[in-house]
Amino acid sequence: MNSKLNDGLRPSVADRILASIPNLYRTYNGLGCQKYQRILASILSLLLWGVVGMTTIVGFSLPASALEYNKEILIEADFSGRDLTDSSFTKANLRQSNFSNSNLQGVSFFAANLESANLEGVNLTNATLDSARLIRTNLTNAVLEGAFAANAKFDGAIIDGADFTDVLLRPDEVKKLCKVAKGTNPTTGRDTRDTLYCP
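Residues numbered from 1 in each chain as written. Predicted model: local features only at pLDDT ≥ 70, side-chain atom pairs only at ≥ 80, totals over all residues. Heavy atoms only, no water.

1. Here's the deal with the pattern of salt bridges
Heads up, the condition is: Salt bridges are identified by distance alone: a Lys or Arg side-chain nitrogen within 4 Å of an Asp or Glu carboxyl oxygen. Where helices and strands are cited, they refer to DSSP runs of H or I of at least four residues and of E of at least two residues respectively, numbered from the N terminus. Burial status follows relative accessibility: with a 1.4 Å probe on protein chains alone, a residue under 20% of its type maximum counts as buried, one over 50% as exposed, and anything between as partly exposed.
A full pass over the atoms with the stated rule returns seven salt bridges. Across the pair Arg 190 and Asp 163 runs a salt bridge whose closest N-O atoms are separated by 2.9 Å. Taken together, the residues span a long stretch of sequence, with Arg 190 in the loop between helix H5 (171-180) and helix H6 (192-195) and Asp 163 in the loop between helix H4 (33-58) and H5 at a distance of 27 residues. By relative accessible area, Arg 190 is classed as partly exposed at 31%. Given a relative accessible area of 0%, Asp 163 falls into the buried group. For Arg 170, the salt bridge identified is with Asp 172, shortest N-O distance 2.5 Å. On the basis of relative accessible area, Arg 170 is assigned to the partly exposed category, the value being 27%. Given a relative accessible area of 32%, Asp 172 falls into the partly exposed group.

This is the structure:
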């Protein structure tokens with residue numbers, strides 16, 4: 001930095017930040033608290049802009065924020081192919097909606113109406129399906145591993161190739177599902193009947 005000053009060149013922003021950091025304590029003692037806070041805020045602002053700039057350069061994108069659709073009427077809505085991780089559809093009316101090939105990890109469908117919805121190829125790992133209506137829902141090749149589905153209704157659901165590993169289900173629902181269970185999940189390689197412990 002001194003060589004730059006000696007050559008009559010203006011020091012770079014990075015040089016000024018680095019030069020000011022060791023002197024922050026002395027600056028705090030020599031200036032009022034408000035001036036110290038302004039200097040610190042400026043340094044942090046410059047560092048933040050540097051991080052934002054680097055983020056843009058490397059093309060890094062932050063994960064999508066969780067969305068809330070609680071108690072909304074979303075009949076025939078199209079959510080296909082989306083990342084809806086940790087979103088909430090508690091008590092929403094999602095009849096005939098399309099969620100095919102979406103990432104629904106950790107999503108709450110508590111008491112939601114998913115009657116005749118398309119959930120083909122979705123990832124429902126650790127989702128909440130408690131008290132949901134999955135009547136005539138298409139769950140072909142869906143991964144429901146670790147989902148909580150106590151009191152969920154699966155009457156007439158299509159579950160070909162669905163993976164129910166570690167899903168909490170009522171015994172009577174398991175019996176119903178075992179009557180129609182078939183296929184192997186293409187993602188996990190598990191047989192549907194095995195994941196339901198069908199006899």
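2. Observations concerning the side chain of Ser 88
Heads up, the condition is: Here a polar contact means two N or O atoms within 3.5 Å. Within protein one must be a hydrogen donor candidate and the other an acceptor candidate, and residues neighboring in sequence count only if both atoms are side-chain atoms.
Mapped onto the secondary structure, Ser 88 falls in the loop between H4 and H5. There is a polar contact of 3.2 Å between the side chain of Ser 88 and the side chain of Thr 90.

3. Structural notes on the packing of aromatic side chains
Here is the rule: Two aromatic rings from Phe, Tyr or Trp, using only the six-membered ring of Trp, form a pair when their centres are within 6.5 Å; if the ring planes differ by under 30 degrees the pair is stacked, by over 60 it is edge-to-face, and anything between is tilted.
A full pass over the atoms with the stated rule returns eight aromatic pairs. Here the aromatic rings of Tyr 69 and Phe 79 are separated by 5.3 Å at their centres, their planes lie at 70°, and the arrangement is edge-to-face. With Tyr 69 in the loop between H4 and H5 and Phe 79 in the loop between H4 and H5, the pair connects residues that are ten residues apart, well separated along the chain. Each member of the pair, Tyr 69 as well as Phe 79, carries the same accessibility label: buried. Joined through ring pairs, the aromatic side chains of Tyr 69, Phe 79, Phe 89, Phe 99 and Phe 109 make up one cluster.

4. Structural notes on unusual backbone geometry
Backbone geometry places Asp 86, a non-glycine residue, at a positive phi of 65°. In this fold, Asp 86 is placed in the loop between H4 and H5. The residue Ser 116 is not glycine, and still its phi comes out positive at about 60°. Its location among the elements puts Ser 116 in the loop between H4 and H5.

5. Observations concerning the nonpolar core
Nonpolar side chains in soluble globular proteins generally cluster together in the buried interior. Stated formally: Throughout this description, the term nonpolar core refers to a set of buried Ala, Val, Leu, Ile, Met, Phe, Trp, Tyr and Cys residues connected via side-chain atoms within 4.5 Å. In what follows, residue pairs with any heavy atoms lying within 4.5 Å of each other are defined as contacts.
Phe 89, Leu 94, Phe 99, Phe 109, Phe 154 and Phe 164 are the most contacted members of the largest nonpolar core, which has 41 residues in total. If we ignore the near neighbours within four places in the chain, the residues touching Leu 94 are Leu 74, Phe 79, Phe 89, Phe 99, Phe 109, Ala 112, Asn 113, Leu 114 and Ala 117.

6. Quick look at the environment of Ala 132
Within the fold, Ala 132 resides in the loop between H4 and H5. For the pair Ala 132 and Thr 90, spaced 42 residues apart in sequence, the C-alpha separation works out to 9.0 Å. Dropping the residues within four chain positions of it, Ala 132 is found in contact with Phe 109, Ala 111, Ala 112, Asn 151, Ala 152 and Lys 153.

7. As for the environment of Asn 123
Structurally, Asn 123 is set in the loop between H4 and H5. Among the residues examined, Asn 123 registers a relative accessible area of 22% and is labelled partly exposed. Spatially, the C-alpha atom of Asn 123 lies 6.0 Å from that of Ala 142, the residues being 19 residues apart in sequence. Other than its neighbours up to four places away in sequence, Asn 123 contacts Ser 102, Asn 103, Leu 104, Gln 105 and Val 143.

8. Points about H5
Each full turn of the α-helix corresponds to 3.6 residues, which orients residues three or four apart in the same direction. Note the cut-off: Picture the helix axis, draw a direction to every C-beta atom, and the arc is the one those directions span.
Burial in H5 covers these residues: Glu 173, Val 174, Leu 177 and Cys 178. When H5 is viewed along its axis, its buried side chains cluster within an angular range of 140° and face the same direction. Among the exposed residues of H5, those pointing more than 90 degrees away from its buried face are Lys 175 and Lys 179. Contact partners of the buried residues in H5: H6.

9. Focus: the confidence of the model for the protein
The condition that has to hold: On a range of 0 to 100, pLDDT expresses the predictor's confidence in each residue.
Within the protein, residue pLDDT values average 82, and 68% of them lie at 70 or more. Of all secondary-structure elements in the protein, the lowest mean pLDDT belongs to helix H1 (residues 2-6), at 45, while H6 reaches the highest, 97. Counting contacts from residues 1-8, a segment whose pLDDT is below 50, to residues more than four positions away or on other chains yields seven contacts. Counted against residues more than four places away or in other chains, residues 55-64, with its pLDDT under 50, gives two contacts.

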